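Structural characterization, general
In case you want the letters, here they are:
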Amino acid sequence: MRIDAHHHLWDLSRRDRPWMDGAWADPIRRSYALPDLAPHLAAHGVEGTVLVQSSASSEETAELLAVAAGQGPVRGVVGWADLTDPGLADVLAALPAGLVGIRHQVQDEPDPDWLTRPDVLRGLGVLEGAGLVYDLLVTPRELPAAHAAVRALPGLAFVLDHAAKPAIARGQWQPWADAVAAIGRLPNVSCKLSGLVTEAGRSDRRPERILPYARHVLDVFGPDRVLFGSDWPVCHLAAGYDEVVALAESATGSLDAAERSAVFGGTAGRVYGIPG
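These numbers were taken from a predicted model, which means no experiment stands behind them.

Let us now look at the packing of aromatic side chains. Going through the model one piece at a time under the given rule, you end up with nine aromatic pairs. Plain terms: the ring middles of Trp173 and Trp176 are 5.5 Å apart, the flat faces sit at 70° to each other, and that makes the pair edge-to-face. A residue is classified by how much of its surface remains accessible, and Trp173, at 32% relative accessible area, is partly exposed. Joined through ring pairs, the aromatic side chains of Trp10, Trp19, Trp24, Tyr32 and Trp232 make up one cluster.

This is how it looks when you write it as structure tokens:
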């Protein structure tokens, strides 16, 4: 099954997205629903998706799970829950089927070591007990703490979103490259091939600027731990769905058929427990 392992839906009439905090977000400052995404999925033979939270809201998580319960391509939801909540286990147990993981906007936390706080590590342990995945939304600033958290919880499956957001627009390679290589050596973390066009920016998103970062991810993690994700509709800040897919196909062009199949669906199915 071909899977888009990372996209969003949101309804701005229900709640604002505080991260849309400037004019830079105007291209995506509207509501997005599954019918908006469906033509893109059909054009590229995508049969299943992983729907990912975009606000720190338990209400949004419930709404996304309702979408997943309907007839459509969503095979799993990465929602939000308060990792520091002492009652987290009960919160997760009360949620309906469809939840495959949890994510928090760690990149927005003032403390770069937020992931290593004792209450956060305890919450991550609860996720492990619940059989869920934890999506790491971090930048290079938070990668050292992410590395420590992954090492502290070897039984929890982690997924690094957007390859930890390298500063492609500024042409920065280090310290991102070494930090990603270090976390990639830990067997319980996979990485999404997603979000790189956004980090490059609309002004200069030539493939030759972006592909070295994508290929580094593939070299570090290997195809069996890399998941394609469109990051739609956030990708519209820099490029459309077609261009994102084309870039991922170019990055994986030297792989064999089985390896490309892993990146474009097999890895996501295994990591998130999505039936084939």
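The rest of the description comes next.
Once that is clear, we can look at the pairing of strand E7 (residues 189-193). With five of five residues buried, E7 lies mostly within the body of the structure. Of the two faces of E7, the one lined by Val189, Cys191 and Leu193 and the one lined by Ser190 and Lys192 are each fully buried. Tracing the backbone out of strand E6 (residues 158-160), into helix H6 (residues 176-184) and back to the parallel element E7 gives a crossover that is right-handed.

Turning our attention to the packing of helix H5 (residues 143-152) against H6. Axis separation between H5 and H6 bottoms out at 10 Å; the angle between their running directions is 5°. Classified by the angle between their axes, H5 and H6 sit roughly parallel to one another. In this structure, H5 contributes Leu143, Ala146, His147 and Val150 to the contact, and H6 contributes Trp176, Ala179, Val180, Ala182 and Ile183. Considering only residue class, the contact of H5 with H6 consists of eight nonpolar, one polar and no charged.

Quick notes on the rules
- Residues numbered from 1 in each chain as written.
- Predicted model: local features only at pLDDT ≥ 70, side-chain atom pairs only at ≥ 80, totals over all residues.
- Heavy atoms only, no water.
- Phe/Tyr/Trp six-rings, centres within 6.5 Å; stacked < 30°, edge-to-face > 60°.
- Buried < 20%, exposed > 50% of the residue type's maximum accessible area, 1.4 Å probe, protein only.
- Helix = DSSP H or I, 4+ residues; strand = E, 2+ residues; numbered from the N terminus.
- Right-handed = clockwise from strand over helix to strand, strands pointing away.
- Axes fitted to C-alpha atoms, helices over the stretch in contact; angles between N-to-C directions.
- Parallel < 35°, antiparallel > 145°, perpendicular 65-115°, else oblique.
- Contact = heavy atoms within 4.5 Å.
- Nonpolar A, V, L, I, M, F, W, Y, C, P; charged D, E, K, R; others polar.

Taken by themselves, the reported measurements are silent on function.
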